[in-house]
Amino acid sequence: MWLLEMVVPSKVIFVLLLLSFSRKLEGRKSREIAAQSCIDKFKEAATYHKQGLTVDAKNAYTELLWTPGIPSQIAFQAANNMAALYYAEEQTENAIKWWKVALYHDPHHASGHVNLAISLQYIGELHEALLYAQRGMELDASNAAAEQLVADILQTLGSYTEAEQHMKSSTAKAKRANSDTSRESVCDRFLKMSNTEQFVVKSTSPNILVMENFLSTDTSLAIMELAKTKMKDSMVSGGRKYHAENWRNSSTAWLKLQAYEETKSMVKKLSTILDLDPELLYSSSEDLQVVKYDGNGYFKPHHDAYGSLARPCTVLIYLTPPDTYEGGDTWFPFAEANTPIDGDCSGSTSMNTVDIVSTLEEGIGLASTGGYHETHGLKHKGQQGSLLFFQNTKTDESVNPSAVHAGLPVLSGTKWICNLWITH
């Protein structure tokens, strides 16, 4: 009897184990089916997103995020994409909410912290932005953009010494990252266009090209109107020295490229000219920077790829006619200007004397000498809607000191331009 009592519990345990295994197997299959369903829903939402059907995309992402048991990686990406949609529409507060949802699902995603920090910086929440930027930098020690963001925020907060330290570190990270780049870039496409009738070559060191009539008068005016309510005092990247010396006197606004018909048509036209997919230009560019120079407005000699800003080339577009303001030329002090074709300078003036500089600091220092612009380099004053392309880096991706340039003082009237920076 005692032996029988010992055997029965063993059979019961075996049956219980078998049932437990069966339930685990069923649970695993159920989770796999649920995960595949989430993947299918995400693909559907992403298709709407890519097609520009933002309302359908938002609805699909929202429905997906309410799915019970959604895998954390899919939830992060869905919330991240929702944030990107709102950010592109300049609904920054909503973008911030969704990036926080994304980080709830994956708190160790470095780019999520950086994106959230950029949005917080945009609305002036600098201390909170700094925390998220620093966390993004901790999570991805090789991320030059995260450390550059930390440097920019610290500079705005007045921590100049610490900002300069992070700027130097981010520069080193960017150089290491760029050394691995081998594919054809957007800048390469521009240089291939230098042999076409659409562009006029103004310099080959640095490479400077001009295209007339890129934007219509109506589009130029519309971009100015869009920017008017967003203008803020312009900032300067580069550390304490440039901030303290009042290096820049202008107003700046940022426009999301995919938020307006005017900016979307601009990207579409540029992608057609360069024979590129518009999505590549969106992913390879910063937001459009619109700059207004009133009387005595200027930007002293500087470089667009300073530090780790990673701007291998700049697309500058003139929004106002040159006869509506006096002064305000775009000046390249070390450009080796080409001889104009058929005597047509197209608003450019070249001087004979060109100094060769080996470092960026040397170039900025030399170009800042009083009266230097009267005898050196290339000055250009573009027609309304014209495009000025220039390359900021050498073939090895290092900064090209000869691309130092300045916005000379506007003596009277108002000058408007916009900058589209290509980041890779």
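Please refer to the structure placed before this passage.
Counting from 1, residues in each chain are numbered in the order their sequence is written. Per-residue local features of the predicted model are confined to residues with pLDDT of at least 70, and side-chain atom pairs are confined, for both listing and counting, to 80 or more; whole-chain, interface and lining totals are unaffected and use all residues. Heavy atoms throughout the structure, all of them, feed into the side-chain values; hydrogens and water do not.

Colleague: So what about helix H10 (residues 217–228)? Which residues, and what values?
Modeller: Between its first and last C-alpha, H10 extends 17 Å over 12 residues, near the 16 Å set by a 1.5 Å rise per residue. Buried, partly exposed and exposed residues are distinguished by accessible area as a fraction of the type maximum, computed with a 1.4 Å probe on protein chains only: under 20%, between the cut-offs, and over 50%, respectively. Strands here are runs of E lasting at least two residues and helices are runs of H or I lasting at least four, both read from the DSSP assignment and numbered beginning at the N terminus. Listed in full, the buried residues belonging to H10 are Thr219, Ser220, Ala222, Ile223, Met224 and Ala227. Any two residues whose heavy atoms approach within 4.5 Å are treated as being in contact. Of the surrounding elements, those touching the buried residues of H10 are strand S5 (251–255), helix H12 (261–274), strand S6 (288–293), strand S8 (313–318) and strand S16 (415–422). An expected span of 1.5 Å times one less than the residue number is assigned to each helix.

Colleague: So what's going on with the packing of helix H2 (residues 54–65) against helix H3 (residues 72–88)? Which residues, and what values?
Modeller: Geometrically, a packed helix pair is captured by the angle between its two axes and the distance between the axes. All axes are obtained by fitting lines to C-alpha atoms, using only the stretch in contact for helices, and the reported angles, taken between N-to-C directions, cover 0 to 180 degrees. Contact geometry of H2 with H3 gives a least axis separation of 10 Å together with a crossing angle of 150 degrees. One element, H2, and the other, H3, form an angle in the roughly antiparallel class. Pair H2 / H3 crosses with left-handed handedness. Taking contact as the criterion, the partners of Thr54, Ala57, Lys58, Tyr61, Thr62, Leu64 and Leu65 in H2 are, on H3, Ile74, Ala75, Ala78, Ala79, Asn81, Met82, Leu85 and Tyr86. Orientation is classified from the angle alone, with under 35 degrees giving roughly parallel, over 145 giving roughly antiparallel, 65 to 115 giving roughly perpendicular, and any other angle giving oblique. A crossing counts as left-handed when the near helix is turned anticlockwise from the far one by less than a right angle, and as right-handed when that turn is clockwise.

Colleague: Please provide a residue-by-residue account of the pairing of strand S7 (residues 298–302), values included.
Modeller: The buried fraction of S7 amounts to 4 of the 5 residues, a majority that puts the element mostly inside the structure. Inspection of the sheet shows strand S4 (residues 248–249) paired to S7 by 2 bridges, in the antiparallel sense. In the strand pairing of S7, Asn249 is matched with Tyr298. Between any two strands, at least two bridges found by DSSP are needed for them to pair. Two strands pair when backbone bridges link them, and S7 and strand S14 (residues 405–407) are joined in this way by 2 bridges, in the antiparallel orientation. Counterpart to His302 in the pairing with S14 is His405.

Colleague: Hey, could you go over the pattern of salt bridges for me, with residue numbers and the actual values?
Modeller: Whenever Lys or Arg places a side-chain nitrogen within 4 Å of a carboxyl oxygen from Asp or Glu, that contact is recorded as a salt bridge. Here the structure, examined in full by the defined rule, presents 8 salt bridges. Notably, a salt bridge pairs Glu89 with Lys58, separated by 2.8 Å at the nearest N-O pair. In this pair, Glu89 sits in the loop between H3 and helix H4 (92–105) while Lys58 sits in helix H2, placing the two residues 31 residues apart along the sequence. A relative accessible area of 28% means that Glu89 is categorised as partly exposed. For Glu90, the salt bridge is made with Lys230, and the minimal N-O distance between the two is 2.8 Å. One end of the pair, Glu90, is in the loop between H3 and H4; the other, Lys230, is in the loop between H10 and strand S3 (232–233), and 140 residues separate them in sequence. Look at Glu90 and you get buried, because its relative accessible area is 17%. Taking the relative accessible area as the measure of exposure, Lys230 reaches 26% and is therefore partly exposed.

Colleague: I'd like a rundown of the side chain of Asn81, residues and numbers included.
Modeller: You can see Asn81 is positioned in helix H3. Aside from chain neighbours lying at most four places away, what touches Asn81 is Phe42, His49 and Tyr61.

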